[in-house]
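# Survey of secondary and tertiary structure
Chain residues, written in single-letter form:
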Amino acid sequence: MANYYIHVGSITNAMRGKRLLEERGIRAYLHRSTRPAETDGCGYHLLVTETPGRAEEILRKAGVRVIRISEAI
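Here's a quick rundown of the structure.

So, how was this worked out
- Residues numbered from 1 in each chain as written.
- Predicted model: local features only at pLDDT ≥ 70, side-chain atom pairs only at ≥ 80, totals over all residues.
- Heavy atoms only, no water.
- Patch = residues over 30% accessible without salt bridge, like charges linked within 9 Å, V, L, I, M, F, W, Y side chains within 5 Å.
- Areas by Shrake-Rupley, 256 points an atom, 1.4 Å probe, with all protein chains shown as cover.
- Salt bridge = Lys/Arg side-chain N within 4 Å of Asp/Glu carboxyl O.
- Helix = DSSP H or I, 4+ residues; strand = E, 2+ residues; numbered from the N terminus.
- Buried < 20%, exposed > 50% of the residue type's maximum accessible area, 1.4 Å probe, protein only.
- Pairing = 2+ DSSP bridges.

## Concerning a nonpolar patch on the surface
Together, Ile 11, Met 15 and Leu 30 give the surface a local cluster of nonpolar side chains, amounting to about 230 Å² of exposed area. Relative to the elements of secondary structure, Leu 30 occurs in strand 2 (residues 28-32).

## Some thoughts on the pairing of strand 3 (residues 44-48)
Most of strand 3 is tucked away, with five of its five residues classed as buried. Along strand 3, one buried face is formed by Tyr 44, Leu 46 and Val 48 and the opposite face, lined by His 45 and Leu 47, is buried too. As paired elements, strand 1 (residues 4-8) and strand 3 share four bridges and run antiparallel to each other. Paired with His 7 across the bridge in strand 3 is His 45. Looking at chain direction, strand 2 and strand 3 are connected through five bridges and run antiparallel. Across the sheet, Leu 30 pairs through a bridge with Leu 46, a residue of strand 3.

Nothing here speaks to function; it is all geometry.
This is the structure we're talking about:
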């Protein structure tokens, strides 16, 4: 099973997103990129251990800004 990074706009969104996902049974880990892309805001992302579709939907409905999703290698 692949892991995915959900890149969010700020540390606040990352912490809020982690709480939202875990309340809904999705395991999420908070990470900071060592070399974030210019478009990644402050460089925080959530690592999720399942297909990110449901997680993205939960975050967007709650108003968390999702910048992009990438597969963790």
